[in-house]
Number of protein chains: 2
Amino acid sequence: MSETIVMKFGGTSVADGERIKNAARRIVAAHEKGARVVAVLSAQGKTTDQLVAAANEISDRPDPREMDMLLSTGERISCALAAMAIHDMGQQAISLTGSQAGILTDTSHTKARIVEVRADRIEEALNEDKIVLVAGFQGVSTNRDVTTLGRGGSDTTAVAVAAALKADVCEIYTDVDGVFNADPRIVPNARMLPMVSFEEMLEMSASGAGVLQLRSIEYARNHGVPIHCRSSFHDRTGTLVVSEEQTLEHALVTAVTHATDEARVTVRGVPDRPGVAGEIFTKLAEANINVDMILQNEPEGGEHPAELSFTVPRDDLTGALDTLNAIDEFDAVESNTEIGKVSVIGAGMRSHPGVAAKVFTVLGEQGINLEMISTSPIKISCVIAADRVPDAVKALHEAFDLGVAVEDATGDFRPVAP
Amino acid sequence: MSETIVMKFGGTSVADGERIKNAARRIVAAHEKGARVVAVLSAQGKTTDQLVAAANEISDRPDPREMDMLLSTGERISCALAAMAIHDMGQQAISLTGSQAGILTDTSHTKARIVEVRADRIEEALNEDKIVLVAGFQGVSTNRDVTTLGRGGSDTTAVAVAAALKADVCEIYTDVDGVFNADPRIVPNARMLPMVSFEEMLEMSASGAGVLQLRSIEYARNHGVPIHCRSSFHDRTGTLVVSEEQTLEHALVTAVTHATDEARVTVRGVPDRPGVAGEIFTKLAEANINVDMILQNEPEGGEHPAELSFTVPRDDLTGALDTLNAIDEFDAVESNTEIGKVSVIGAGMRSHPGVAAKVFTVLGEQGINLEMISTSPIKISCVIAADRVPDAVKALHEAFDLGVAVEDATGDFRPVAP
């Protein structure tokens, strides 16, 4: 049987008629090489933002079910237009909505999770030698309603379709060459990674590398779908995201990532009774607020009241403060948006202690104060002042020797600012 | 059981956020009066035109299946936004795509016909006291593809849904007060008709009165759905379109209509052999060209070659000429776009001969030359020079005494220019 490829094109890759034709040419080229091709498309450029603006004009709190009905139209437009372009190139193509493609989700509108992909209709079209275009970011719920998968959900659609079809690869086309070991805008000699493990990619995504949606990486790991993250502007190979066994080397440190879109919340005077922290984070979870790092100062013999700090995405800050103020049991609830997070990630850390110590030393040498620290077996994250993030990233990248080697510097993998 | 109302709002009635809220207020008001309410919405203002432009940017001949996938998004956007607005007014609402609403069509993309309405999901929502918003103009084919019903198809959606629900009335909201017995822009004392029969309305629509889509009237007649054609800007009663038995009076002449969007094609030197006209009109039908009036001059003993004239919508003229030139058997194919059509319609004509004679006399007195004539039991149409259309309409309206009576002139039904 011939190779099966799922290709995913994001909003910038289908932003106008010309780019849709470019994407169509790539899709057709893959098909002409003999592959069975499914392409998952996002909405064009600013379409989703415009639809959100139209909804906000109508209502302060648009109904989530209706928001999904509204937003799901953008990807359908991209797919229909791409199908037209492919027809003009002499190939058969068929566009499918999430529902038609069999993307079955739960009923959590605006952030639904895929529960199953019933890919019969895709298979049927592939067997008729058609190119299949699937509207990303959406599905149909068990209640037969249109659902969407949340920001960046098209990546998850692509991976889920690839898993259902047992595709050979899921290619994610973006406006960058691949995954870099630091942001090339901050570190000019950042290196593109030819290969990275799912686990490392998960930690990188969670700590600021925006190239792939977190959930799509989880899905790919759980279903063993190899991801090829590559540029839509040229044909060069990008970054392969594969299982740890398939990666060639386990670098001590693979990448330095950073995030500046978080905020820190500090709760002073947390009552000293069991279960109070559980109560706080249950309420935050109910309000759908993603808490990242948590830091608690235990009360010392009643002299100091307990203090609790945590970080949230900056967009969730207002919601978090509202939730905490509603509990109304604390001395004070404070927030700080002038924070940033810098992280060092590497599967090799598991077997090499001392990385954390080196991170702290390097940052200390730069005079950078560590406000919060959080670790996993393959990651160390530090919350620092927002304005020191570039210095921290540069220093860590340098200290762990992650820059482009001289022999690579003129090769294909030169960093390109996104 | 409480009253069931289907309300249809066209593109201008949902053109922006403010108008969507206005439509939502009307819908909510009807629901608060105790009715079960289904609203069928068109795409906002110029949305459909913009989507068509996007398709044309991609392809000269966009694939019809993909065109339907593309165009069907516009109505979904309107419905989702209206549902949000209704929620903000404290009522429950649910938007449904054509497919979700059970609008089953044949597979003729871009001009599909409704074969069945499976309204279970609408019924279900109505039984839960929800307002149901149905995306107009679209359905799902027996092949499970998204289809559209052609220009103005939302009227047909509304009537079909009303028929399936056995609704008490299908209200069509437009930017005019109702159906007038002539175009008020030409005849200032044109009268709004409080009631008109399906048959008359069909003839009026076919001969230029643009207020309702032809197919929706046919559907309403076949299923006995009363239509109330009314303004979205005020609460006054408009025009009821009902079965002939329900109309109160059978006026000799009900209305004078006109059309200036047609063109005349003349074929000179048609070969004198049987079946040649059949061949011509078969080829035109295959090219999807709607021929209206046909006039043939029989050849007289071979002295004059036969001549064939017919009218087509002006948009179809290029297609008609291409089709005829491809046959390549004629002396000449000529066209004239400077024509207009004026028609006199009235169910009373059936039993009163002499209307045609009066029409010809009135036009003759105005010095207006009749290029072609076509009649039905309740209609007389004449093709005349385009620049004489206003004179013809005014003279016929006057001659058949259709102006506003003095006692009505200050009433509610004053003509309002659209």
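Just so it is clear, the structure is predicted and the values come from calculations on it, not from any experiment. (Residues numbered from 1 in each chain as written. Chains lettered and ligands numbered in written order. Predicted model: local features only at pLDDT ≥ 70, side-chain atom pairs only at ≥ 80, totals over all residues.)

Here we look at the overall build of chain A
And then number 1: What chain A contains, in helices and strands, is 12 helices and 20 strands.
And then number 2: A globule of 418 residues ought to have a C-alpha radius of gyration of about 22 Å, and chain A, at 23 Å, matches this closely.
And then number 3: Along the first, second and third principal axes, the C-alpha set of chain A runs to 75 × 55 × 35 Å.
And then number 4: For chain A, the proportion of its 418 residues judged to be buried stands at 50%. (Helix = DSSP H or I, 4+ residues; strand = E, 2+ residues; numbered from the N terminus. Rg over C-alpha atoms; globule rule 2.2 N^0.38 Å. Buried ≥ 20, exposed ≤ 12 C-beta atoms within 10 Å, placed from the backbone.)

Re the pairing of strand β2 (residues 36-41) of chain B
It is a general feature of regular strands that their side chains alternate between the two faces of the sheet.
All names here are of chain B.
And then number 1: The element β2 is largely enclosed, with a buried count of 6 among its 6 residues.
And then number 2: The alternating pattern of β2 places R36, V38 and V40 on one face and V37, A39 and L41 on the opposite face, and all of these are buried.
And then number 3: With 6 bridges joining them, strand β1 (residues 4-9) and β2 adopt parallel strand pairing. Bridge pairing in β2 links M7 to A39.
And then number 4: The parallel pair β1 and β2, bridged by helix α1 (residues 17-32), forms a crossover whose chirality is right-handed.
And then number 5: Bridge count for β2 against strand β6 (residues 131-135) is 4 bridges, and the pairing is parallel. Residue pairing in the sheet places A39 in a bridge with L133 of β6. (Pairing = 2+ DSSP bridges. Right-handed = clockwise from strand over helix to strand, strands pointing away.)

Thoughts on the sheet that holds strand β4 (residues 103-105) of chain B
All names here are of chain B.
And then number 1: In spatial order, the strands read β5-β4-β7-β8; together these 4 strands make up an open sheet with mixed pairing. Each end of this open sheet is capped by a strand with a single partner; those strands are β5 (114-117) and β8 (146-148). Averaged over all pairs of adjacent strands, the angle between strand axes in this sheet comes to 45°, irrespective of strand direction.
And then number 2: Where β4 lies against strand β7 (residues 138-141), 2 bridges are found, and the strand directions are parallel. When the sheet's bridge partners are listed, T105 is paired in β7 with S141. (Axes fitted to C-alpha atoms, helices over the stretch in contact; angles between N-to-C directions.)

Regarding the environment of B:A399
And then number 1: Residue position: B:A399 is located in helix α12 (residues 389-399).
And then number 2: Setting aside residues no more than four positions away along its own chain, B:A399 makes contact with B:K358 and B:V362. (Contact = placed C-beta atoms within 7 Å.)

Quick look at the environment of A:Q50
And then number 1: Note that A:Q50 resides in helix α2 (residues 47-58).
And then number 2: Sequence separation between A:Q50 and A:G74 is 24 residues, and the spatial gap between their C-alpha atoms is 9.9 Å.

Quick look at unusual backbone geometry
Residue and element names in this part refer to chain A.
And then number 1: Positive phi is not limited to glycine here, since R144 has a value of about 70°.
And then number 2: With respect to the helices, strands and loops of the structure, R144 is situated in the loop between β7 (138-141) and β8 (146-148).
And then number 3: Here R144 falls in the exposed class, since 12 other C-beta atoms lie within 10 Å of it.
And then number 4: Positive phi, normally seen in glycine, also occurs at N288, with a value near 65°.
And then number 5: Relative to the helices and strands, N288 resides in the loop between α9 (276-286) and β15 (294-297).

Some remarks on the interface of chain B and chain A
And then number 1: On the chain A side, the residues contacting the 27 residues of chain B number 27 residues.
And then number 2: For the side of chain B that touches chain A, the secondary structure elements donating two or more residues are α1, α2 (47-58), α3 (64-71) and α4 (73-88) of chain B.
And then number 3: Tallying contributions element by element places α4(B) first for the side of chain B that touches chain A, with 11 residues.

As for the confidence of the model for chain A
Residues and elements named next belong to chain A.
And then number 1: For chain A, the average pLDDT comes to 90, and 94% of its residues sit at 70 or higher.
And then number 2: Within the model, the stretch residues 406-418 combines pLDDT values under 50 with 19 contacts to residues more than four positions away or in other chains.
And then number 3: Model confidence for the complex is summarised by a pTM of 0.83, with the ipTM given as 0.80. (pLDDT = per-residue confidence, 0-100.)

Some details on the packing of helix α4 (residues 73-88) of chain A against α4(B)
And then number 1: Taken N-terminus to C-terminus, the directions of α4(A) and α4(B) make an angle of 175°; their axes are 10 Å apart at the nearest point. Taken as axis vectors, α4(A) and α4(B) run roughly antiparallel relative to one another. Along its contact with α4(A), which presents A:T73, A:R76 and A:I77, the element α4(B) presents B:T73, B:R76 and B:I77.
And then number 2: Classifying every residue of the contact of α4(A) with α4(B) by side-chain character gives 2 nonpolar, 2 polar and 2 charged. (Parallel < 35°, antiparallel > 145°, perpendicular 65-115°, else oblique. Nonpolar A, V, L, I, M, F, W, Y, C, P; charged D, E, K, R; others polar.)

Comments concerning the sheet that holds strand β19 (residues 372-376) of chain A
Residues and elements named next belong to chain A.
And then number 1: Pairing within the open sheet is antiparallel, and its 4 strands lie in the order β13-β18-β20-β19. Looking along the sheet, the strands with just one partner apiece sit at the ends: β13 (255-259) and β19. Strand-to-strand, the axes of this sheet are offset by a mean angle of 20°, without reference to chain direction.
And then number 2: Relative to strand β18 (residues 339-345), β13 runs antiparallel, the two sharing 5 bridges. In the strand pairing of β18, A259 is matched with K341.
And then number 3: Contacting β13, β18, β19 and β20 (379-385), helix α7 (residues 198-206) crosses the sheet at an angle of about 170° to β18.
And then number 4: Helix α11 (residues 355-365) contacts β18, β19 and β20 of the sheet and is inclined by roughly 20° relative to β20.

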